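If you want the building blocks of each chain, they are given just below.
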Amino acid sequence: MEQFNFETKIQKILSFENLSKQLEEAANLIKNDEILAFPTETVYGLGANALSEVAVKKIFKAKGRPVDNPIIIHVSSVEMFEQLIDKEYFDYRIKKLQESFWPGPLTLIIKKSKIVPYVTTGGLETVAIRMPSNPIALALIQTSGLPIAAPSANLSGKPSPTTANDVYEDMNKRIALIIDGGSTEIGLESTVLDISDPKSIPIILRPGKITKKQLADCLSTQINIFDSTKIKENEIQKNLKSPGMKYRHYAPKADVIIVSSFDDFLKSYKEVSINNVHVGVMLDKNLIGKLNTSEIHFNDSFLFMYTDNEDLGANLYLKLREMDNLGVNLIIIQFDDFNDPTGFGLAIKNRLQKASSKK
Ligand code: TXA
Ligand code: MG
């Protein structure tokens, strides 16, 4: 991979006052077909002018991303959104969803207009669009006056970055600038909803913070969830609605084991700890009583106890990266989606499955 011979600059944003002034240099980079990393409410994005083939190609190069994996376009207004879609396919459902969930972590897949280059959509006729709620992201789009194409700012195959430091780890010398807006709030990528056919039931291609129930309540209709595990291996390529799904994602270097109960956790832990491997552990804090009486003693830096799904979602990628950096060989994650199987719990489960799959 080609690298710059200069360090990537990190610009810390300490106050939301005068954001457009603070983001002038960043906006100029976008206008000049350069790429940079910026925070959103979900994860950090690696952004470029979505309408410039030259600029978007730089994203694919910096990430090592397969060229058929399309990129989400970020907008700051409905007017900007309208330029990007084929108006014939616009229906009242899209308007309702935007009114309820934008700005926020919901990406809509719609038929694209002519101005969106195929480089951005990975050759598809549809385009993925969202309006982020993070004030820095919004101000960056507004100040540059351009829709910004941005995948997560990690190297392809690594967990998405949720801090500027994680972006730096992957992108130093590959991009000119990282805008540091602190830790991202949600920590998992946006919900992706395919609503490109006005006659069909919308399908969640990637679960996220906006849940199936929220979408169904908003539209008063059924919402389907795309399940790639139901497709046979040899049919995957042609059937996948979202090309990104065929690539291994969100994965740390360490092996990851998912267990649902404390007893299963203990069993797995005892099995593996005999072999002198460094084991990282993520556990529900409500189980701390059981842990204290279990005769297991952890190295604290290898242990993450989460308080609830929001806490696990916000810290999952951060902890996976931290444990990788500590040289952990195996990570056991205890997670039970019993109370929340179609809500945010579904998004967590989806990312855990990807982190633990070797494909
Ligand atoms: O929260 C997020 O969505 C973050 C932040 C930066 O906004 N972005 C993000 O982008 O996660 P990325 O590129 O890592 O994931 C985009 C997903 C991929 O799985 C991709 O295949 C899918 O959206 N996608 C994009 N355009 C699509 C399209 N036209 N049809 C189907 N899937 C699409
Ligand atoms: Mg990604």
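In the block above lies the structure referred to throughout.
Residues numbered from 1 in each chain as written. Chains lettered and ligands numbered in written order. Predicted model: local features only at pLDDT ≥ 70, side-chain atom pairs only at ≥ 80, totals over all residues. Heavy atoms only, no water.

Draft legend 1. Expanded view of the overall build of the protein chain. Looking only at helices and strands, one finds 14 helices and 15 strands in the protein chain. Since a compact globule built from 359 residues should have a radius of gyration of about 21 Å, the 21 Å found for the protein chain is in line with a globular shape. C-alpha extents for the protein chain along the principal axes are approximately 60 × 50 × 40 Å. Counting only residues that meet the buried cut, the protein chain has 56% of its 359 residues in that class. (Helix = DSSP H or I, 4+ residues; strand = E, 2+ residues; numbered from the N terminus. Rg over C-alpha atoms; globule rule 2.2 N^0.38 Å. Buried < 20%, exposed > 50% of the residue type's maximum accessible area, 1.4 Å probe, protein only.)

Draft legend 2. Layout of the pattern of salt bridges. Applying the stated rule across the entire model yields 16 salt bridges. With a closest N to O distance of 2.8 Å, Lys 209 and Glu 310 form a salt bridge. In this pair, Lys 209 sits in the loop between strand E10 (203–206) and helix H9 (212–219) while Glu 310 sits in helix H13 (residues 309–325), placing the two residues 101 residues apart along the sequence. With a relative accessible area of 26%, Lys 209 lands in the partly exposed category. We classify Glu 310 as partly exposed; its relative accessible area is 40%. (Salt bridge = Lys/Arg side-chain N within 4 Å of Asp/Glu carboxyl O.)

Draft legend 3. Up close: H9. Every buried residue belonging to H9 is among Leu 215, Ala 216, Cys 218 and Leu 219, and all of these are buried. For H9, the arc enclosing every buried residue in end-on projection is 160°, short of the 170-degree limit, so these residues lie on one face. Check the buried side of H9 and you find it contacts helix H5 (92–101), strand E5 (106–111), strand E9 (191–194) and E10. (Arc of directions from axis to C-beta. Contact = heavy atoms within 4.5 Å.)

Draft legend 4. Structural detail: the sheet that holds strand E6 (residues 126–130). On the basis of which strands lie adjacent, the open sheet formed by eleven strands has the order E1-E8-E2-E3-E7-E4-E6-E5-E9-E10-E11 and mixed pairing. The open sheet has two edge strands with one neighbour each: strand E1 (9–12) and strand E11 (224–225). Where E5 lies against E6, four bridges are found, and the strand directions are antiparallel. Within E6, the position partnered with Leu 108 by the bridge is Ile 129. Those strands touched by H5 are E5 and E9, and its axis lies near 160° from that of E5. (Pairing = 2+ DSSP bridges. Axes fitted to C-alpha atoms, helices over the stretch in contact; angles between N-to-C directions.)

Draft legend 5. View of the sheet that holds strand E14 (residues 303–306). In space, the four strands of this open sheet follow the order E12-E15-E13-E14, with parallel pairing throughout. Either end of the sheet is taken by a strand with one partner, and the two such strands are strand E12 (255–259) and E14. Neighbour-to-neighbour, the strand axes of the sheet open up by a mean angle of 15°, direction not taken into account. Here strand E13 (residues 279–284) runs beside strand E15 (residues 330–334); their pairing, made up of four bridges, is parallel. Its bridge partner lying in E15, Met 282 is registered against Ile 333.

Draft legend 6. Spotlight on the packing of aromatic side chains. For the structure shown, the criterion picks out five aromatic pairs. Between Phe 262 and Phe 265, the aromatic rings sit 5.6 Å apart at their centres with planes inclined by 50°, giving tilted as the arrangement. Linking Phe 262 with Phe 265, this pair stays in helix H11 (residues 262–273), spanning three residues, or about one helical turn. Judged on exposure class, the residue Phe 262 and its partner Phe 265 are both buried. Ring-pair connections join several aromatic residues into one group, and the members of that group are Phe 81, Phe 90 and Trp 102. Lying across the ring of Tyr 89, Lys 111 places its NZ or CZ 5.0 Å from the centre. Sitting above the plane of the Phe 344 ring, Lys 209 keeps its charged end 4.5 Å from the centroid. (Phe/Tyr/Trp six-rings, centres within 6.5 Å; stacked < 30°, edge-to-face > 60°. Lys NZ or Arg CZ within 6 Å of the ring centre and 35° of its normal.)

Draft legend 7. Molecular detail of the packing of helix H2 (residues 24–31) against helix H7 (residues 135–144). Running from N to C, H2 and H7 point in directions that differ by 60°, and their axes come no closer than 9 Å. It follows from the interaxial angle that H2 and H7 lie oblique. In terms of crossing hand, the pair formed by H2 and H7 is right-handed. Residues Ala 26, Ala 27, Ile 30 and Lys 31 of H2 touch H7, and the partners they reach there are Leu 140, Thr 143 and Ser 144. Each residue belonging to the contact of H2 with H7 can be placed in one class, and the counts come to four nonpolar, two polar and one charged. (Parallel < 35°, antiparallel > 145°, perpendicular 65-115°, else oblique. Left-handed = near helix turned anticlockwise from the far one by under 90°. Nonpolar A, V, L, I, M, F, W, Y, C, P; charged D, E, K, R; others polar.)

Draft legend 8. Summary view of the pairing of E10. As judged from the three bridges shared by E9 and E10, these two strands associate in the antiparallel manner. Note on E10: the bridge partner recorded for Leu 193 is Ile 204. Judged from the two bridges that link them, E10 and E11 form a sheet pairing that is parallel. Looking at E11, one finds that Ile 204 is bridged to Ile 225. With H9 bridging E10 and its parallel neighbour E11, the resulting β-α-β unit is right-handed. (Right-handed = clockwise from strand over helix to strand, strands pointing away.)

Draft legend 9. Examining unusual backbone geometry more closely. With an omega of -5°, the peptide bond running from Trp 102 to Pro 103 counts as cis. Within the element layout of this structure, Pro 103 appears in the loop between H5 and E5. The residue Asn 18 is not glycine, and still its phi comes out positive at about 50°. One can find Asn 18 in the loop between E1 and helix H1 (19–22). Phi at Lys 173 is positive, roughly 70°, even though this residue is not glycine. As for its position among the elements, Lys 173 is in the loop between helix H8 (164–171) and strand E8 (177–180).

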